[in-house]
Every structure is written in structure tokens, then in C-alpha cells.
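One-letter residues, chain by chain:
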Amino acid sequence: MPSAFSRWDSPELRASIYQFTVYLPGGVASVFLGIWLSEHGIPADQIGIINAMPTLLLLLLNMIVGRIADKADDWRTALIGISIISALTAVPMYFVSEFWGILLVWGLCASSNGLVAPVIDAATVRMTRRNGTDFGVIRAWATVGYVVGAGGIGLFLNILGSGAFITLYVAMVVARAGLAFLLPRFRAPKPQVTLADATSRIEAPPSRLKDALQPWFVLPLLAFALVNSSNAVIGGFGALLWHENGIPSYFLGPLLGFAAVGEAVLMFVWRRFGGRVTARNMILAGAVAGLIRFTIMAFNPPVEVLFLTQSLHAFSFGMGYFGVVHFIANWTNEANAAEAQGFFNMLNMAMAMLALTVFGVLVEFFGAYAFFYSTVTSSLAIGCVLWSLKMRPPKSLVG
């Protein structure tokens, strides 16, 4: 089996370099944005709306962008375009300081940033399956990038203050736009069709995405979206809520980064044992971990316990996300790979938008007890996966 890093010019290595930048901007925002908004006089309920606006736009755009990316000659073309747009829309953040201006600009900025992940993941999983290389190792570099953004660059919060947020964020998206040009081609070369082939074989048209959207298929995707909506809440409110509850600022970045460290470790080693677990059981395990993690957080535990609960992110996000990616890849084909991932991301964004909006209101009244919202959504997620398994049991490790 070829090594993912056997050659410096390997497509796997170039994809890994770009993956490192996918969540760098989000890591920076997860530490800085909430505090930056609060210092501009934005209350918690309006912070929830500002965080929810990008998810609303992504809800509208994900499947459209996925369909366009699938129709392009290669997913690389779409990724270059999205990366450039994401860099350009970040610059106006320098010129806004009140609610409506921030809402508009951050909505455009963060939504274009959010379009990157589903396309690169759909492209990478198809490429690695074809080449026999490890998707987990490549995808793990995106998590490493988040750790650097939140846990490394996030330390500058204590040194430079939240005023450095915009410059740091812009630097991250501009760097990603430049590295997008290093991306490899992801699709397999088209076979040369001979006259004999043309007369003897008629290729079947690719299946349509809507043909796959049966309840048993949609429910596991909805389950992960319900759990992951609480991960979005951590990104939007975690640092602010912990800061207000007396957690020292020098712990905020490491707390967010520590969650991603566990996720990265799981992804790096996943191939050694992941083949023994079905896709929907991965999602189920993620939902159970989310139930435990967020219920404990509702009791506003001390920082030592917060580090332990953050380690469960490896399962509530990492394992659950792997389950979703492989579940989609197993039950759809290359002709609609990015569109299928976009559909999942649409569900993801819808649940995140709901969570961010509701959570912002709950925080105003209940503080950390607002995390009981996540207890409810994780419980619903467990029910969704079990219902799907009852409707259509897995066949071998495909399900």
C-alpha cells in the first residue's frame, strides 16, 4: 500500500497542506470573536444571531455550491474559487463596529469560509479510496490547523487582546487562498473511449442524489447534525461563557484546542481499528459522547473537568464525522459527491443556526445551564440512529 507521504509532490501531501488551513480561521474566531463582539457592546442574544447568520446563508448555498463543484472539471477549481472569495469577504471586517454592519459582513465572511470543508472532504475521500491511501491522516491535518488556530494563535488573546482578531483572521484566509493553488486534481482521469467501446457499451447515467434521500439515509445525517450543533455552540459561546464564569483567559484557547487534539489523534490512528465499526455505529457513539460531554458542562464544572469533557470531542465530533463521511461515500457515487456532502452540511447548518439562536437566549436567562439544550439534542440524535438501523440494518461494514 503506498504511503500518503512517499513523495513530496504526492496529491495526498498537497491535500494535507491545504487541509491544515481549512479550520485555521475558525479556530481563531472561536477564541476571539465572542469576546471581540462583547467588547463592542454586543449582548449575548445578538452574538447568537451574528453566529447564526453564516449558518443561514450556508443553508441556502451548500447544495448549490456542491452541485457546481461536481459539474466542474475537478473539485480543485471550485476550492480555489471559494478560497479566494473567502479571503476577499474578510477584509470589510476592518470597517464595521456595530450590530447590523457586523451581522452583514461576518455573515458573508464566515459563510464563504464554511463552504470550503464539505467540498475538500468530499474530494479527498474519493481520491483516497481510489488511491488506497488514508483519508483519516489527511483530514486530521485540518484538525491540527484548528488546534494551532485556537490553542496556539488563541494565546495571543492574552497578549494582544481581542483587537487583534480581524488581522489574525484575515491573515489565515489569505494564506489559505494562496495554498489552494497547490491542490492536486482529485478526480480520476477520464478513460479514453475507443470506437469499439462506444458501440459495445452504453454507460448508465449517474444516480441522482434525491434517489438516495430515503428516511433511513437522512436520519443518521440528522443525528450528527443535532450533536454537532452543540459543537457550534462551543465555538460561538464557549470562550465567552467560560470567561464570564471565572475561567482565566489563558485557559480559553487551550480548552478549545484540547478538544481538537483528541480529534486529531483519533483521525491519525483511525485506520488501524476504524474498519471494524459500521458508519452508523460511529455516529451513534458520537451521539452518546455528546450526551455525556454537554450534560456535564451544564453544571459549570472547574477547569480540570472542562479539559476532560473537551477530550470527548474526539468522539462527539471526530468519530461521528468520520461515520457521516463514510456513510455518504458508501451510499452515493462520485457524480454527486460534493452535492451529497452539501446536503449533509445543509442539515448541519440548519441545526447549528437553531442551536446558536436558541442558546443565545438561554444563556441570558440560565447561564451554563443552557447546555441542557445539548442534552436534549444528543438524546434525539441517539433515537435517530437507532430508528435508521431498525429501518435498514447495515450490511457488513457499509451501513
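The structure we're discussing is the one just above.
Note that the coordinates shown come from a computational prediction; the quantities given were computed from them, not determined experimentally.

### Let's talk about the layout of surface pockets
Of the voids in this model, the second largest pocket is the one considered here, and its volume is about 190 Å³. Lining the second largest pocket are Leu61, Val65, Ile68, Ala78, Gly81, Ile82, Ile85, Thr89, Leu108, Ser111, Ser112 and Leu115. If you list the elements that add at least two residues to the lining of the second largest pocket, you get α3 (44-71), α4 (75-90) and α5 (99-114). The leading source of residues in the lining of the second largest pocket is α4, at 5 residues. Residue composition of the lining of the second largest pocket, grouped by class: 8 nonpolar, 4 polar and no charged.

### Focus on unusual backbone geometry
Of note, the phi angle at Asn300 is positive, near 50 degrees, even though the residue is not glycine. Checked against the element boundaries, Asn300 lands in the loop between α14 (279-297) and α15 (303-311).

### Looking at the packing of helix α12 (residues 215-244) against α14
Two elements in contact, α12 and α14, have axes whose closest approach is 10 Å; the angle formed by their N-to-C orientations is 30 degrees. Judged by the angle between their axes, α12 and α14 are roughly parallel. Note on packing geometry: the crossing formed by α12 with α14 is left-handed. Across from Trp216, Pro220, Ala223, Phe224, Val227, Ser230, Asn231, Ile234 and Trp242 in α12, the residues of α14 making contact are Arg280, Ile283, Gly286, Ala287, Gly290, Arg293, Phe294 and Met297.

### Points about the pattern of salt bridges
For the coordinates displayed, the defined rule picks out 3 salt bridges. A salt bridge links Asp74 to Arg185; the shortest N-O distance between them is 4.0 Å. Of the two residues, Asp74 sits in the loop between α3 and α4 while Arg185 sits in the loop between α9 (165-179) and α10 (195-200), which places them 111 residues apart along the sequence. Judged by its relative accessible area of 1%, Asp74 is buried. As a salt-bridge pair, Asp121 and Arg139 come within 3.5 Å of each other at their nearest N and O atoms. Of this pair, Asp121 sits in helix α6 (residues 116-131) while Arg139 is found in helix α7 (residues 135-152), placing the two residues 18 residues apart along the sequence. As far as the burial class goes, Asp121 and Arg139 line up, both buried.

### Some words on empty space enclosed by the protein
Counted by the stated rule, this structure contains 3 cavities of 30 Å³ or more. Residue lining of the largest cavity: 46 residues in total, with Tyr23, Gly26, Tyr146, Asn231 and Ala232 positioned closest to the centre. Element by element, the count of residues in the lining of the largest cavity is highest for helix α17 (residues 337-366), at 7 residues. For the lining of the largest cavity, the residue count by class is 26 nonpolar, 17 polar and 3 charged.

What counts, and at which threshold
Residues numbered from 1 in each chain as written. Predicted model: local features only at pLDDT ≥ 70, side-chain atom pairs only at ≥ 80, totals over all residues. Heavy atoms only, no water. 1 Å grid on protein atoms, 1.4 Å probe; cavity = no way out; pocket = protein on both sides within 12 Å on 5 of 7 lines; lining within 4 Å. Points joined across faces, edges and corners; volume = space filled by probe spheres on them. Helix = DSSP H or I, 4+ residues; strand = E, 2+ residues; numbered from the N terminus. Nonpolar A, V, L, I, M, F, W, Y, C, P; charged D, E, K, R; others polar. Axes fitted to C-alpha atoms, helices over the stretch in contact; angles between N-to-C directions. Parallel < 35°, antiparallel > 145°, perpendicular 65-115°, else oblique. Left-handed = near helix turned anticlockwise from the far one by under 90°. Contact = heavy atoms within 4.5 Å. Salt bridge = Lys/Arg side-chain N within 4 Å of Asp/Glu carboxyl O. Buried < 20%, exposed > 50% of the residue type's maximum accessible area, 1.4 Å probe, protein only.

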